[in-house]
Amino acid sequence: MTTSQPLTGTQPTVRTCPLDAPEEYRALRAQAPVAQVTFPDGAEGWLISRYEDVKTVLADQRFSANRPTLTGGGAADGAPPVRPGWFIFMDAPEHTRFRRLLTGEFTVRRMRQLVPAVEQIVAERLDAMAGAGSPVDLVQAFALPIPSLVICELLGVPYADREEFQRNSANMLSLTADAEVVQGAWEALRQHMHRLVRAKRAEPTDDILGKLVQAGELTDEELAGVGSLLLFAGHETTANMIALGTMCLLENPDQLAALRADPALWDDAIEELLRYLTIIQYGLRRVALEDVELHGHRIKAGSLVVTALSSGNRDTEKFSDHPDQLDVARARGPHLAFGHGIHQCIGQQLARVEMRAALRALFDRFPTLRLAVPAEDVPMRHDMVIYGVHELSVAW
Amino acid sequence: MKVIIDEDKCVGAGQCVLAAPDVFDQRDEDGIVVLLDALPPDALRSQVENAAALCPALAIEVVK
Ligand code: HEM
Ligand code: SF4
């Protein structure tokens, strides 16, 4: 860092309550909303903790999304290569080209049309759970397979390939599998995407990849990249919202009771869970392309800037009514769980459809659902980019 | 109340459609915002203002 100011500390990562953001954020928001810190991976930069500032930074294209990885990497002096098709790391106008090709596939209307297919997938998983009998690990039996199967539907993965696809995406995300298995799963998925693209070139289909192929704007490399980005960005995120959302509702029985009494609250409840849990727990990384002034601090070109979504979503300036409480009837306000600015989650309407279908049906199907272990014993994803539970043993 | 949209800024996030379905829609081809009602009745004011606040791309402007 080429600045004379001392570092003010490290990014808060320790949670006192597994469902609350780290407490230090409160003090940061009050006293050092633009703080110079060291991040968990050792990188140094600026931590933005207030709601309004998070939005300001994410809407400002002087902050580039072209950073090396979601977790790692400090200031970019020389833009790192972006994997073909991974527009999450691209800036406009390159980003715009990819995003515009896809937004038509993710409209509110398109996602509503997917509801029956999603409900069917959910119902099959619930049948399988009922068949296996209580207790089960909700993560493996329910939360992970749903988004994986939905993405198969969206990308047009043939039924015969879905089991292999699902096994590979589970292994790709596994912590316990050997590095070789994880690497092998990545490679298998990459090849799978390439096979899919080739098949769709030969025989046009009506799914996202099929239509992208027909649009004729992207190379095979880019098409396979878009496919793997959708899987990567849409699988673990949605899975953790389903599993952590379940735990959160079980731990807040009054809120669950309110939902049971008035199912019309589910839409607001999903927004509240997204806000309250903000699973992208460390926030979003950007790199300043030029010097930028923020609250009297000069953020130098090349600096890493992290917007703490989880802190902004608990900011009393924005959510004046007890932001640290889960309130499924809270008036819906713009939360930051899907980010902000041009990269705001393209899959958010799909995520909403999946979460609503999954959580509603789960609590309807198993009215006596409960944690099978004490909440303190649930292994939390403390040091993972995407927060959630590693395993959630539930009984009914 | 008058509503102005900027199609070039829109990133097709669909927030406006959820917030004010009588005023905003999305084009089927590319998900870009469509203004259904440029002069919505005052009864929809809070919905429309919410849509403008939710829009991640600052593509919606509410005049008066
Ligand atoms: C609850 C579940 C989800 C959460 C919390 C979530 C969160 C996010 C966030 C915070 C971003 C912004 C990243 C940034 O600005 O750097 C993002 C972008 C993205 N998400 Fe999601 N997401 C979820 C589900 C999904 C689903 C289901 C899909 C697709 C099937 C998806 C695909 C994407 C893509 C492609 C991007 C990049 C968009 C761009 O750069 O323009 N996400 N997501
Ligand atoms: S909320 Fe904004 S970005 Fe999203 S569709 Fe509406 S106008 Fe476009």
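Residues numbered from 1 in each chain as written. Chains lettered and ligands numbered in written order. Predicted model: local features only at pLDDT ≥ 70, side-chain atom pairs only at ≥ 80, totals over all residues. Heavy atoms only, no water.

For chain B, an unreviewed UniProt entry supplies the name Ferredoxin and the organism Streptomyces sioyaensis. The record in UniProt for chain B states the following under Cofactor (unreviewed entry): "[3Fe-4S] cluster". Among the UniProt annotations of chain B, the heading Function (unreviewed entry) holds the following wording: "Ferredoxins are iron-sulfur proteins that transfer electrons in a wide variety of metabolic reactions." (UniProt positions renumbered as here; feature names shortened; annotations may be inferred.)

Going by an unreviewed UniProt entry, chain A carries the name Cytochrome P450 and comes from Streptomyces sioyaensis.

Once that is clear, we can look at the overall build of chain B. Counting its secondary structure elements, chain B contains two helices and four strands. From first element to last, N terminus to C terminus, chain B shows the α and β order β-α-β-β-α-β. Over its C-alpha atoms chain B spans a radius of gyration of 10 Å, differing by no more than 12% from the 11 Å that the globule rule assigns to 64 residues. Reported as C-alpha extents along the three principal axes, the dimensions of chain B are approximately 30 × 20 × 15 Å. Put simply, chain B has 64 residues, and 48% of those count as buried. In chain B, the proportion of contacts linking residues at least 24 apart, taken out of those at least 6 apart, comes to 56%. In chain B, which carries 5 positive and 12 negative side-chain charges, the distance between the mean positions of the two groups comes to 9 Å. (Helix = DSSP H or I, 4+ residues; strand = E, 2+ residues; numbered from the N terminus. Rg over C-alpha atoms; globule rule 2.2 N^0.38 Å. Buried < 20%, exposed > 50% of the residue type's maximum accessible area, 1.4 Å probe, protein only. Contact = heavy atoms within 4.5 Å. Lys, Arg positive; Asp, Glu negative; His and termini not counted. Charge placed at Lys NZ, Arg CZ, Asp CG, Glu CD.)

Turning our eyes to something else, we now look at the site of ligand 2. B:Cys10, B:Val11, B:Gly12, B:Ala13, B:Gly14, B:Gln15, B:Cys16, B:Val33, B:Cys55 and B:Ile60 make up every residue found near ligand 2. Looking at the shell around ligand 2 residue by residue, the classes come out as seven nonpolar, three polar and no charged. (Near = heavy atom within 4 Å. Nonpolar A, V, L, I, M, F, W, Y, C, P; charged D, E, K, R; others polar.)

Counting protein donors to the iron atom of ligand 1 gives just one, A:Cys345 (SG), placed at 2.3 Å. Checked against the element boundaries, A:Cys345 lands in the loop between helix H14 (309-312) and helix H15 (348-365). (Donors = N, O, S within 2.8 Å, 3.2 Å for Na, K, Ca; no water.)

It is worth spelling out the sheet that holds strand E5 (residues 284-288) of chain A at this point. Residues and elements named next belong to chain A. Within the open sheet, the five strands sit side by side as E1-E2-E8-E5-E3. Their pairing is mixed. The two strands at the open ends of the sheet, each matched to only one other strand, are strand E1 (34-38) and strand E3 (63-64). Across four bridges, the pairing between E5 and strand E8 (residues 304-307) is antiparallel. What sits directly across from arginine 285, in E8, is valine 306. On top of the sheet, helix H2 (residues 51-59) reaches strand E2 (44-48), E3, E5 and E8; it is set at about 130° to E8, its chief contact. (Pairing = 2+ DSSP bridges. Axes fitted to C-alpha atoms, helices over the stretch in contact; angles between N-to-C directions.)

A word on unusual backbone geometry. Residues and elements named next belong to chain A. A cis geometry characterises the amide bond from alanine 92 onward to proline 93, with omega recorded as 5°. Residue proline 135 is bonded to the preceding serine 134 through a cis peptide linkage, with omega at -5°. Within the secondary structure layout, proline 135 lies in the loop between helix H5 (115-132) and strand E4 (136-137). Phi at histidine 295 takes a positive value of approximately 45°, unusual for a residue other than glycine. Here histidine 295 is to be found in the loop between strand E6 (292-294) and strand E7 (297-299). For histidine 322, which is not glycine, the phi dihedral falls at a positive 45°. Relative to the elements of secondary structure, histidine 322 occurs in the loop between H14 and H15.

All names here are of chain A. Applying the stated criterion across every chain yields a total of 27 salt bridges over all chains. Residue arginine 356 is joined to aspartate 267 by a salt bridge in which the shortest nitrogen-to-oxygen separation is 2.6 Å. Taken as a pair, arginine 356 in helix H15 and aspartate 267 in helix H13 (residues 266-277) lie far apart in primary sequence, 89 residues in all. One connected set of salt bridges, linked through shared partners, spans Asp20, Arg26, Arg314 and Asp324. (Salt bridge = Lys/Arg side-chain N within 4 Å of Asp/Glu carboxyl O.)

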